[in-house]
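Analysis of the macromolecular model
As a plain string of letters, each chain reads:
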Amino acid sequence: MEQASFKYAELFSVSVRQPYYANGICKRYQVEPVVDVELLPTAECQALMKRLDFVFRSDDRQAGFIVFARVKGNTAGDDLLRFPPQAGEALTFWMKLRNPDLLNFDDLSTENNVESIYYFTNQQSDALALRSDLHLSGASSGVSATVDSVSASLSVYRFHHSAEVAKETAKVRHIPSGMEVSADSIVNQSGESDLLFLLSSLPPGKCQLIIAGIVKDEFYYLANPSFRPFGVIELSLAASLDANYRIVESDRSLASSRPAYSILFRNRKTFWRYTIHLQQNSALSVEMAALSPSDKTDFLGKLNIMTNDSSITFTLASVGDSELVFVSDTALSLQEKYFSSTSMTHDPLALSLKKYIGVMAKEAIVRSDLPYVQTSLIDATSLPAIYSDIFLTL
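These lines cover the structure that appears in this document, whether it is placed above or below. These figures come from a predicted structure and were not determined experimentally.

Calculation criteria
- Residues numbered from 1 in each chain as written.
- Predicted model: local features only at pLDDT ≥ 70, side-chain atom pairs only at ≥ 80, totals over all residues.
- Heavy atoms only, no water.
- Pairing = 2+ DSSP bridges.
- Helix = DSSP H or I, 4+ residues; strand = E, 2+ residues; numbered from the N terminus.
- Axes fitted to C-alpha atoms, helices over the stretch in contact; angles between N-to-C directions.
- Buried < 20%, exposed > 50% of the residue type's maximum accessible area, 1.4 Å probe, protein only.
- Phe/Tyr/Trp six-rings, centres within 6.5 Å; stacked < 30°, edge-to-face > 60°.

1. Details of the sheet that holds strand S20 (residues 304-307)
As summarised here, the arrangement of the 3 strands in space is S20-S24-S25, forming an open sheet in which the pairing is antiparallel. Only two strands of the sheet have a single neighbouring strand rather than two, namely S20 and strand S25 (364-367). Each adjacent strand pair in this sheet contributes to an overall mean axis angle of 55 degrees, direction not counted. Relative to strand S24 (residues 351-355), S20 runs antiparallel, the two being bridged by 4 bridges. The partner of Asn304 across the bridge, within S24, is Lys354.

As structure tokens, then:
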């Protein structure tokens, strides 16, 4: 009995990178990695991959996935797709957030905007992007909440317009397919209008609201997924993409160097703020209480947090009857593990509260091994500065 034999070749890969982690991918693991963001093909993408005979494989060790395609024959040594895509077709993947702390330690929006998602695409123009590291964000430097987030809507889309709208002049256009939906409801009142559209007949994708031939809004239609997506990845299969970002050539061949797409979430920089509560009977409180006003001023001038990294310094920002607040002079990148950048032996970062700094006979450590910041606790109430708080009691 003859057996059928099919050949599959790598089509492209996608990975999520986070320099916050020591390995650049995820939390340290012993056996299997646990990723912060799960990447899943949409229902429409699964149907398209089935028709084109593509195979999706998760790759948690790269915090991403690989797609393989069935090929048959070759041209000039390059594999040919067995089933070529049609014009305008694209593969879309949901990004499902599994670790909410990512919103703290990565440089993302601090606002909880449920009406927007992150949108990444291979429709980029960057001739300098290497085939082995093609950024899907708007900039090669990494994800930006301003550049890479878009408005989002479920199947009911509402829009308030500052002028009255005539019937049949408002429509939502699904950009990838060109499909259009007319308004289900238009309420004109006092020179303004409220529009409502039911979009359930459309597939997920970018849409435009057009009123009297003019684009008034652009958003991503989510349809009704079983979870709230953190983001979406849209990968066009068009041969018209720039050569380095292209997946399939115009003759349906696959170039020998396959595109490796990446999404870089930069680690957030925060000012480290140590708030130290002094108990009335603590050694430091008793020592300070015995000083004259001038001596106390001199004492506080020589009290500070010291580190084994010369690039990290602190300033005593405020002094209260029972509270001292020290703030780092520069914003520091949040990391899974902290090391001294100026240590020849790459020692772990060490922080200590010292008194009488610079006075050889009296300099001493008040408290050693100060804790690092917690990624679950940031203060964004004083934007653009963001603080990481550490609370101690002595």
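2. Considerations on the pairing of strand S2 (residues 37-41)
Here S2 shows a buried face lined by Val37, Leu39 and Pro41 and an unburied face lined by Glu38 and Leu40. Bridge analysis of S2 against strand S6 (residues 90-97) gives 5 bridges, and the strand direction is antiparallel. Across the sheet, the residue bridging to Leu40 is Trp94, located in S6.

3. Regarding the packing of aromatic side chains
Applying the stated criterion to the full structure yields 22 aromatic pairs. Considering the side-chain rings of Phe120 and Phe265, the 6.3 Å spacing of their centres and the 85 degrees angle between planes classify their relative orientation as edge-to-face. Placement of the pair is Phe120 in strand S7 (residues 116-121) and Phe265 in the loop between strand S18 (260-264) and strand S19 (269-277), with a sequence separation of 145 residues. With respect to burial, Phe120 and Phe265 carry one shared label: buried. Relative to Phe265, the ring of Phe230 lies with its centre 6.1 Å away and its plane at 50 degrees, an arrangement referred to as tilted. Taken as a pair, Phe230 in the loop between strand S16 (214-221) and strand S17 (231-236) and Phe265 in the loop between S18 and S19 lie far apart in primary sequence, 35 residues in all. The pair formed by Phe230 and Phe265 is uniform in burial state, with each residue classed as buried. Among the aromatic side chains, those forming a connected cluster through ring pairs are Phe12, Phe56, Phe65, Phe93, Tyr245 and Tyr261.

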